[in-house]
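Examination of the molecular architecture
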Amino acid sequence: MAGTSMVADSSSWSTALIKISPYTFSAIGIAIAIGVSVLGAAWGIYITGSSLIGAAIKAPRITSKNLISVIFCEAVAIYGVIVAIILQTKLESVPSAQIYAPESLRAGYAIFASGIIVGFANLVCGLCVGIIGSSCALSDAQNSSLFVKILVIEIFGSALGLFGVIVGIIMSAQATWPAKSV
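What counts and how
Residues numbered from 1 in each chain as written. Predicted model: local features only at pLDDT ≥ 70, side-chain atom pairs only at ≥ 80, totals over all residues. Heavy atoms only, no water. Helix = DSSP H or I, 4+ residues; strand = E, 2+ residues; numbered from the N terminus. Rg over C-alpha atoms; globule rule 2.2 N^0.38 Å. Buried < 20%, exposed > 50% of the residue type's maximum accessible area, 1.4 Å probe, protein only. Contact = heavy atoms within 4.5 Å. Areas by Shrake-Rupley, 256 points an atom, 1.4 Å probe, with all protein chains shown as cover. Expected span 1.5 Å × (residues − 1). UniProt positions renumbered as here; feature names shortened; annotations may be inferred. Patch = residues over 30% accessible without salt bridge, like charges linked within 9 Å, V, L, I, M, F, W, Y side chains within 5 Å. Salt bridge = Lys/Arg side-chain N within 4 Å of Asp/Glu carboxyl O.

What follows is about the overall build of the chain. Helix and strand counts for the chain stand at 7 helices and 0 strands. Here the chain has a C-alpha radius of gyration of 22 Å; the compact-globule value for 182 residues is 16 Å, and the former is much larger. Here the C-alpha coordinates of the chain stretch approximately 75 × 45 × 20 Å along the principal axes. Residues classed as buried in the chain amount to 41% of the 182 residues present. The long-range fraction of contacts in the chain, counting pairs at least 24 apart against all pairs at least 6 apart in sequence, stands at 88%. Of the roughly 9,600 Å² that the chain leaves accessible, carbon and sulfur atoms contribute 76%.

What follows covers helix 5 (residues 67-89). Here helix 5 is 23 residues long and its end C-alpha atoms lie 34 Å apart, about the 33 Å a rise of 1.5 Å per residue gives. All of the buried residues in helix 5 are Ser69, Phe72, Cys73, Ala75, Val76, Ala77, Tyr79, Gly80, Val83, Ala84 and Leu87. Packing partners of the buried residues in helix 5 comprise helix 3 (22-58), helix 6 (102-142) and helix 7 (147-172).

Let's shift gears to the UniProt feature "domain: V-ATPase proteolipid subunit C-like" (unreviewed entry) in the chain. UniProt's entry tags residues 28-87 and 112-171 with the feature "domain: V-ATPase proteolipid subunit C-like" (unreviewed entry), counted in the numbering of this structure. Taken end to end, residues 112-171 has its terminal C-alpha atoms 10 Å apart, with 93% of it in helix and 0% in strand.

Here the focus is a nonpolar patch on the surface. Taken together, the side chains of Val124, Leu160, Phe163, Ile166 and Ile170 define a hydrophobic patch exposed on the protein surface, amounting to about 490 Å² of accessible area. Per-element tally for the nonpolar patch: the top contributor is helix 7, with 4 residues. Of note, Ile166 is situated in helix 7. A residue is classified by how much of its surface remains accessible, and Ile166, at 47% relative accessible area, is partly exposed.

Right under this line is the structure:
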């Protein structure tokens, strides 16, 4: 009976997660931070750009003024690049004997979680800014006095990405690798 318990324990998810290198978790977190942020920016640019081009047929004057919405979407990708660089600098070399030490695992998980938070916060931010930018272009084509009012809302939508960046930086501060033995 004791042997059955051992087999069940050795094939559990917790065992699998402990056996994966913390460097793998870190690399996946960094990739998610930049990749999903760029996806959010691209999606926002797609939404804003298509509405901007369509609305510019009726009112060509809105084209240059509403490019600010595309710039806000592009800032989302830049947030992901900045955090990926910050997370990359958190990686340190650890002796192979300490690679699965609790401190190493915590550092890998912290970088992984930070990357996920930043990536998905920026995905949602890109969608939010894209949708608001789309409505800004369409409403500006109808009534030019609405541009500044909707632009303020777009700035608040862009703050969602900054919140994700701030939380990601705070979480990555927990990534401390074991000290090398001299």
